[in-house]
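# A closer look at the structure
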Amino acid sequence: MLNPTDNEIAPTDGLFPIRHVCAETGINPVTLRAWERRYGLIRPRRTPKGHRLYSSEDIAHIRRILALLAEGVAVSQVGRLLQHAAPQAGKNGRDPGSPREARTPDDQRTVVPGGLAPHVADPLSEALLEATRALSTEQLERTYARLVVRHGWEGIHERAFLETYNALREEARHDPTAEARLGVFASWALASLTEQLRSALLLCDGAPSPCVVLGTGHRRIGGMLVLLASARRGLRLLPLQDIISAPALEALTGRLGSPAIVIHIPARVVHDHDVERLRRLLTEDGVPAYLSGNGAADLAGLTTPRPLITLPTRPLEAAETLRRQLLDPLAP
């Protein structure tokens, strides 16, 4: 009889593989294992082959740990605080993992089942904007972590994250201080998305598809979000830092067995020669090319033997379309 693997344990069994836990809580697997090995904060069950399995109670416990860390508690002190909080919760007649009442950033009370709240765009955007006013990446990271714990990764990135970015871009056109805030936000966002992407790609299977993100500085944020959202859906994309030639791309996709290439084009590309190189690449025969970003429409009408597919403008919608077409091509 075959022993179950991480991916063969169904959620209906009441136990979840590490992939599910990371997607649910936003934590990366390296950190989760460190909490177990170094600090003893979490004790998952194991399959006969040694794969970690987590219960719903474990996931609630992880959310409580993340909430404490977001408040500035050192990881070495989290275990002691949770042990102290458990008997107090019993006296108050409430399990620490039960639904709690939390305040959204605009101070509206919301019942939060399992530690997550429904997505509320404006207050979440305002919370991130407020964090940029201190011109501190540390404060941004704390605010972001707290919001992800309370509202879920998708809830933050569906609208609020991009609304914050777009608001900062608009303000930066007229205000030097806002331009500085945009610079701080972009520096933090690109570093955070890159770190999350590195962890998420470790959980992806299958042949990778090369992905080129055009633009520099803050213009890379949308493309990085497409990359990360795709990886969180199990789609393995290979980030490329530059446009390579058509023969090099053909050699790469052939060697890797890539089903497609992905190119993210922001509304404004600084270097015209990048656009010309991209046109030459796309007009060569090869695997389908998926185009994302506000500038995708400018290249969608190229005459080429290569299939060109324009993705939705919003990054999470683009990632979901990619997932359906590349991972579930036969799905209705």
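Described in the following lines is the structure provided in the data block. (Residues numbered from 1 in each chain as written. Predicted model: local features only at pLDDT ≥ 70, side-chain atom pairs only at ≥ 80, totals over all residues. Heavy atoms only, no water.)

## Looking at the sheet that holds strand β3 (residues 52-54)
Pairing between the strands of a sheet is mediated by backbone hydrogen bonds and can be parallel or antiparallel. Put simply, the rule reads: By definition, two strands form a pair when at least two bridges between them are found by DSSP. Think of it this way: any DSSP run of H or I at least four residues long counts as a helix, any run of E at least two long counts as a strand, and we number them from the N terminus. Residues count as neighbours in contact if any of their non-hydrogen atoms are within 4.5 Å of one another. Here, axes are lines fitted to C-alpha atoms. For helices the fit covers the stretch in contact, and angles between N-to-C directions go from 0 to 180 degrees.
Here three strands make up an open sheet; going across it, the order is β1-β3-β2 and the pairing antiparallel. Strands at the two margins of the open sheet, each flanked by one partner only, are β1 (16-17) and β2 (45-46). Where β1 and β3 come together, two bridges link them in antiparallel fashion. Looking across to β3, one finds that Phe 16 is bridged to Tyr 54. Against the sheet, helix α2 (residues 29-39) makes contact with β2 and β3, and its axis sits at roughly 95° relative to β3, the strand it touches most. Sheet contacts for helix α3 (residues 56-70): β1 and β3; angle to β3, the most-contacted strand, approximately 85°.

## Thoughts on the pattern of salt bridges
Selection criterion: For salt bridges, the criterion is a side-chain nitrogen of Lys or Arg within 4 Å of an Asp or Glu carboxyl oxygen.
This structure, assessed with the given rule, holds 14 salt bridges. Here Glu 36 ties to Arg 46 by a salt bridge, and the two come within 3.1 Å at their closest N and O atoms. Residue Glu 36 is found in helix α2, and its partner Arg 46 is found in strand β2; the two are separated by 10 residues along the sequence. One salt bridge connects Arg 181 with Glu 171, and the closest N-O pair in it is separated by 3.0 Å.

## What to know about helix α10 (residues 246-256)
Where we set the bar: Residue exposure (1.4 Å probe, protein chains only): buried if accessible area is under 20% of the type maximum, exposed if over 50%, otherwise partly exposed. Each C-beta atom gives one direction from the helix axis, and the arc is the one those directions make.
Those residues of α10 that fall on the buried side of the exposure criterion are Ala 246, Leu 249 and Thr 253. Axial view of α10: buried residues confined to an arc of 60°, hence all on one face. Seen from the open side of α10, the exposed residues pointing more than 90 degrees away from its buried face are Pro 247, Gly 254 and Arg 255. Among the residues trailing α10, Gly 257 stands out with phi positive, at a value near 70°.

## Looking at helix α9 (residues 221-232)
So the rule is basically this: Under the convention used throughout, the expected extent of a helix is 1.5 Å for every residue step, that is, one less than its residue count.
Compared with the 16 Å implied by 1.5 Å per residue over 12 residues, the 16 Å span of α9 between its first and last C-alpha is a close match. For α9, the buried fraction is high: 11 of the 12 residues fall into the buried class. Of the positions making up α9, those classed as buried are Ile 221, Gly 222, Gly 223, Met 224, Leu 225, Val 226, Leu 227, Leu 228, Ala 229, Ser 230 and Ala 231. Just past α9, the residue Gly 234 takes up positive phi, approximately 90°.

## A few points about the packing of aromatic side chains
The line we're drawing: A pair of Phe, Tyr and Trp rings is counted when the ring centres sit within 6.5 Å of each other, with Trp represented by its six-membered ring. The angle between the planes then sorts it: under 30 degrees is stacked, over 60 is edge-to-face, the rest tilted.
Going through the model one piece at a time under the given rule, you end up with four aromatic pairs. Both rings, one in Phe 161 and one in Phe 185, keep their centres 5.5 Å apart while their planes meet at 45°; by these two values the pair is tilted. With Phe 161 in helix α7 (residues 153-172) and Phe 185 in helix α8 (residues 176-201), the pair connects residues that are 24 residues apart, well separated along the chain. Both residues of the pair, Phe 161 and Phe 185, belong to the buried class. An aromatic cluster of at least three residues, connected via ring pairs, comprises Tyr 144, Phe 161, Phe 185 and Trp 188.

## Comments concerning the nonpolar core
Filter applied, for reference: By nonpolar core we mean a set of buried residues, namely Ala, Val, Leu, Ile, Met, Phe, Trp, Tyr and Cys, connected to one another through side-chain atoms within 4.5 Å.
Among the nonpolar cores identified, the biggest contains 49 residues, and Phe 161, Phe 185 and Ile 221 are the most heavily contacted of them. Those elements that provide at least two residues to this core are α5 (121-132), α6 (137-151), α7, α8, β6 (209-213), α9 and α13 (315-327). If you tally residues by element for this core, the top one is α8, at 10 residues. For Phe 185, the residues in contact, after removing those within four places along its chain, are Thr 132, Leu 140, Phe 161, Thr 164, Tyr 165, Leu 168 and Ile 221. Counting 18 residues, the second largest nonpolar core, distinct from the first, contains Ile 65, Leu 66, Val 78 and Leu 82.

## Let's talk about the sheet that holds strand β9 (residues 289-292)
What the five strands build is an open sheet, ordered β7-β6-β8-β9-β10; its pairing is parallel. With one partner strand each, in any of the chains shown, β7 (237-240) and β10 (308-310) form the two edges of the open sheet. Along the sheet, successive strands turn relative to each other by an average axial angle of 25°, direction set aside. In this structure, β9 lies alongside β10, joined through three bridges in parallel fashion. Pairing of Tyr 290 across the sheet is with Ile 309, part of β10. With respect to the sheet, α9 is in contact with β6, β7, β8 (261-264) and β9, its orientation differing from that of β6 by roughly 155°.

## Some thoughts on the packing of helix α1 (residues 18-25) against α2
Formally: What sets the label is the angle itself: under 35 degrees gives roughly parallel, over 145 gives roughly antiparallel, 65 to 115 gives roughly perpendicular, and the rest give oblique. Classes in brief: Ala, Val, Leu, Ile, Met, Phe, Trp, Tyr, Cys and Pro nonpolar; Asp, Glu, Lys and Arg charged; the others, Gly included, polar.
Closest axis-to-axis distance for the α1/α2 pair is 10 Å, and the angle between their directions is 105°. Comparing their axes, α2 and α1 come out roughly perpendicular. Judged by residue contacts, Ile 18, Val 21 and Cys 22 of α1 engage Pro 29, Leu 32 and Arg 33 from α2. Counted by class, the contact of α1 with α2 contains five nonpolar, no polar and one charged residues.

## What about the pairing of β8?
The alternating pattern of β8 places Ile 261 and Ile 263 on one face and Val 262 and His 264 on the opposite face, and all of these are buried. Where β8 lies against β9, four bridges are found, and the strand directions are parallel. Paired with His 264 across the two strands is Ser 292, which belongs to β9.

Fair warning: the whole summary comes from geometry, so function is off the table for now.
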